[in-house]
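Architecture at a glance
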2 protein chains.
Amino acid sequence: MFVILLLVFGTLQIFGDAHKIKSPWHYECSAGLCEKAAISSNVSTPLSLEVCQMFCGEAGAIWPKPTGHLSLGNFVVHLDPEAIKISGLNSTSKVSTLLSRSVNLLKSNVQRLGGGVANNKNGKALWVHFSGSLVKDLSMPLDISENYTLEVRQLDDGTVNATIVAESYFGARHGLETLSQLIVFDDLRSQVQIARDVNIVDGPVYPYRGITLDTSRNFIDKAAILRTIRGMAMSKLNTFHWHITDSHSFPYESKSLPNMSHYGSYTPQKVYTSKDVKEIVDYGLLHGVRVVPELDAPAHVGEGWQWIDNALLCFKAQPWMNYCVEPPCGQLNVSNEKVYEILETIYKDLIHDFKPALFHMGGDEVSTKCWNSVESFKQWMATKGWNTTGDSGFIKAWEYFQTKAYDALTRANNGKTLPSILWTSGLTDENNIDYLDPNKYIIQIWTESSDKSIARLIKKKFKVIFSNYDAVYLDCGFGAWVTSGNNWCSPYKGWQLLYDNSPLNIIIKQGFSTADKQYILGGSAALWTEQADTSSLDGRLWPRAAAYAERLWAEPSSSWIHAEQRMLRHRQRLVQKGIQADQLEPEWCSQNQGACPL
Amino acid sequence: MFVILLLVFGTLQIFGDAHKIKSPWHYECSAGLCEKAAISSNVSTPLSLEVCQMFCGEAGAIWPKPTGHLSLGNFVVHLDPEAIKISGLNSTSKVSTLLSRSVNLLKSNVQRLGGGVANNKNGKALWVHFSGSLVKDLSMPLDISENYTLEVRQLDDGTVNATIVAESYFGARHGLETLSQLIVFDDLRSQVQIARDVNIVDGPVYPYRGITLDTSRNFIDKAAILRTIRGMAMSKLNTFHWHITDSHSFPYESKSLPNMSHYGSYTPQKVYTSKDVKEIVDYGLLHGVRVVPELDAPAHVGEGWQWIDNALLCFKAQPWMNYCVEPPCGQLNVSNEKVYEILETIYKDLIHDFKPALFHMGGDEVSTKCWNSVESFKQWMATKGWNTTGDSGFIKAWEYFQTKAYDALTRANNGKTLPSILWTSGLTDENNIDYLDPNKYIIQIWTESSDKSIARLIKKKFKVIFSNYDAVYLDCGFGAWVTSGNNWCSPYKGWQLLYDNSPLNIIIKQGFSTADKQYILGGSAALWTEQADTSSLDGRLWPRAAAYAERLWAEPSSSWIHAEQRMLRHRQRLVQKGIQADQLEPEWCSQNQGACPL
């Protein structure tokens, strides 16, 4: 990895503007850290913190850090944000349209740098070129290439050229994202600067890098979801896993079954219409983010289903701790054929609205005690010859449901199977795992990282996604809500824990080798929203989800401490783009790098 | 306490609009809880949740709950938000002007209820009358009366009259605040409704009910501070204790010593000018919130002081843990006479800008190791005859500083002493407490609630403010920032802990009686901002600071569980007024009251 320790400015206009400097401080890069120092007459080219950091330390200020060759040069050019243009796209293909929209986004973001007060006079133009095969497929399957190369050069006439080579729109968009991180506002000169001599070869280690968001425990408004996708794109996360319904509310407006949200949404306003979903999916595509809907079943259902006769068991049962893990209880009556008709109809609507490359079927936390409490349900089990003492018969009922639900999903998808995700659960237990086919199901792991079920899944050749709650559950650590004290998965998971949550290390600790990385699709930082809604969403997700993003993009061999200053810089970038990411440290630690850690 | 369990609607227009209802749900009050139920033909007057909650349960939806007589009736009137008027204020006094501004605020808030879509046709007018002595003093000393009575009646012509009687503007404003909580948006009818038959007698138990906010570790912008004051007013908190500077940054722009913020602010933009401070203080006055500035010394100084020769010792000393509690270290050179000149000048500017009724001198966490590491300082101590082995001599140096700083403050205040606050510290230790005069100093306690220093202070007849970190430090529970793991005062303090943090019970547990309540001025929920800034401020403060607000206003004999639904409703009210308060529970628990607790 190429690291720049010395900085020289190559553009004369920078010297000319030095007299306008208001701050008494500038920054010097030393041993990979930017340090605050007084501007004195000896300092001919004082550096702003953002300019210093763009070149200083491993990977400069790029987040997540590139996995291939990286050289950033040591020169900046004064850029005119009004003169950012795209070149070489004469096709009217969908890919070209998306690239053009992406460059426009870049341009408007650059125009806003420094609050839009930049002096652009004498700034240079930037031309962005795209090349490479740029395949037409925009469905974003798991094997899509997200690799790119980025080269930035200044031509003899002063113009800056950025060339991005990629095999897909998604790789090209990542290249643009990296380019945007090489353009900063220089607050000593009130100018936008771009790095000039850049060569980057980059691509992700894992193909599934996600955020799991629950919109049922509390509603999250559309604007906040779009903002979340924006933050994901900035961090090169590529999967928005939308846990859209649960027992608490059913905010998805199914066109065929409007009663689901009529009865199931918190209020008539707290719904996602088909139009909302399409807007979110389109915004996701533009930002290189696939949207994966989850319809959790047969547990985690309740509100929204109550208008259907005999579809729901144990709904709102009390005392709730006897029938489920949190109020309100609710489980599908899997003996009722009507349930599968309803499911197939909702699946069809979801597939129509989301056009998903993957589908999440949920499947966690089924309570045998719920089914066991319903006499008619046990009678139905008896007709199937299933035992109602002990768990084994209820597991058969669950498997019965899963088979029929999977078939309904396939029918809803015009007979084509959809790669399906399930949570770790009783079905992935030692005794039951053989029921599930690793060619049909991907398993999202929410157990602790030391849980033995992880080794079992990989031995059975399941592809897995890591959302182990001991490191990447973003809801942990707050006050409890069913009682006093703190919530169940306390303490709070700091960004350092997410950063160091290496899927590869987790499986190596369980006896596997680097070659078994093939079973790891990636991971997803999860926010369950019992105690978060639109108001607190940004702070819960960011910048911690970005910490996990670098882990999943790069699987770095190093720990969080080496990423600390880049993390702080990336957090600031999120805030500058309107995402209310939590602050991690006193700003003093960014201005006096290396002076804070123990 | 009068509690309403039955609701009847008295206004005909409500029946007329029932056909427009979109939600299939309404709410029924039963045993003090609002429960969701299907709207059926049997339901003649379906109630929206907000209307139900206004009358249901102890204190309805009023936060903090009134301490005197409370009767809310059981009728609402359809209100026209455009027709809210003030009556009986013909004077042009400052008090009248403030009351008029407050009623205008109420009016514009009511106009925004329900997103401004309310149908106001046929709504009734509201006249607000003020009476009582309404003293001219607006300096908000600790003994100002904040009591009020509120009466709401409907006249024969349909007009609604609200009469507020108070001895001061501050009491009258609290009455208006309570009135605003009796006006809600009825989303079943798209109308604004006001409670009709109200009698409330109310006033606070403690005179000092605060938020302590640090704006040095990270900068908090002016808009966020104004928003904080708004949230305080909504919760009847009355003291914004502004820890404006620390060793990390000096954002206060002293007119006489602009170098303090020139060198000490994080950036030239991250400052509070004299104009900013005056705007904040004026906004505080309007909202019944006194602003108490803190200039912490002789420790907790650093950035901003470095341009003064020999004023600062140990600044940025490393390894920091040898010289202070967190980076950067810094302590005043109390042997340097120049330090007192500078302090007096800053005090003068602060007094000019804040016109404070109280002044906070800080005084916490002096490191004897810092002073002990400076040879010239020890030589000065020797000239005073103070021992430099052990702590006692250094305590003498500290006392020397405190005496001179207090005198400088008095001089800066034109020779008049200002009630001064100090943190618990080495100076309030068993061996040193006699140095401090309880007639001069109020002590803000940040120790654990079981700390024996509390009993010592009360025995010595100090007035105290409770900010015990084990319950009301709002920064606890997040990730660590100088290392991995969680921060020093983890875990997170849930709202229940703040609610139950009774100052009276704390001293009773230490052997005092109810009569000793006279020594308790109140409390202040504290946010230290190492890991929070403008982005996350609202969620850190709210609604937890409001939980402490009820404790300090009412000292209820009951625990948080009895306040749960009002707390959730108040949180929603904060959000409706643009404050991004954290969600505490699934919305389901507000719509199915009583179904969630264990």
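Here the structure is a predicted model, which is why all the values come from computation and not from measurement.

What to know about the environment of Ile351 of chain A
All names here are of chain A.
- Examined against the element boundaries, Ile351 turns out to sit in helix α8 (residues 337–354).
- For the pair Ile351 and Leu409, spaced 58 residues apart in sequence, the C-alpha separation works out to 9.1 Å.
- In this structure Ile351 touches Pro356, Leu409, Ala412, Asn413 and Leu418, once residues within four positions along its chain are discounted.

Focus: the domain arrangement of chain A
Residues and elements named next belong to chain A.
- Each domain of chain A was delimited in the assignment, giving domain 1 (4–202) and domain 2 (208–587).
- Domain 1 and domain 2 are separated by 36 Å when their C-alpha centres are compared.
- Of the residues lining the interface, 37 residues belong to domain 1; the matching set on domain 2 comes to 38 residues.
- Where domain 1 abuts domain 2, roughly 3,100 Å² becomes buried across the two surfaces, and 57% of that area is made up of carbon and sulfur atoms.
- There are three salt bridges connecting domain 1 and domain 2.
- Note that Glu50 and Arg569 form a salt bridge whose closest N and O atoms lie 3.1 Å from each other.
- Across the contact surface, domain 1 and domain 2 share 19 residue pairs in polar contact (both at pLDDT 80 or more).
- Those elements that place two or more of their residues in the side of domain 1 that touches domain 2 are α2 (49–55), α3 (94–112) and α4 (169–180).
- A total of seven residues in the side of domain 1 that touches domain 2 trace back to one element, the largest contributor, which is α4.
- Counted by class, the side of domain 1 that touches domain 2 contains 18 nonpolar, 10 polar and nine charged residues.

What about the UniProt feature "active site" (unreviewed entry) in chain A?
Residues and elements named next belong to chain A.
- Per the UniProt annotation, the sites labelled "active site" (unreviewed entry) are Glu365.
- Assignment of secondary structure puts Glu365 in the loop between β16 (359–362) and α9 (368–372).
- Sequence-distant contacts of Glu365, that is, excluding residues within four places in its chain, are made with Ala299, His300, Val325, Gln331, Ser425 and Trp446.
- Among the polar contacts listed, one links the side chain of Glu365 to the side chain of His300, at a separation of 2.8 Å.

Points about the confidence of the model for chain A
- Chain-level pLDDT for chain A is 95 on average; 96% of the residues reach the 70-or-more range.
- Note on residues 1–19 of chain A: pLDDT is under 50 here. Beyond four places in sequence and across chains, it has 47 contacts.

Analysis parameters
Residues numbered from 1 in each chain as written. Chains lettered and ligands numbered in written order. Predicted model: local features only at pLDDT ≥ 70, side-chain atom pairs only at ≥ 80, totals over all residues. Heavy atoms only, no water. Helix = DSSP H or I, 4+ residues; strand = E, 2+ residues; numbered from the N terminus. Contact = heavy atoms within 4.5 Å. Domains from an automatic or database assignment. Buried area = accessible area lost by both parts, 1.4 Å probe. Salt bridge = Lys/Arg side-chain N within 4 Å of Asp/Glu carboxyl O. Polar contact = N/O pair within 3.5 Å; in protein donor to acceptor, adjacent residues only side chain to side chain. Nonpolar A, V, L, I, M, F, W, Y, C, P; charged D, E, K, R; others polar. UniProt positions renumbered as here; feature names shortened; annotations may be inferred. pLDDT = per-residue confidence, 0-100.

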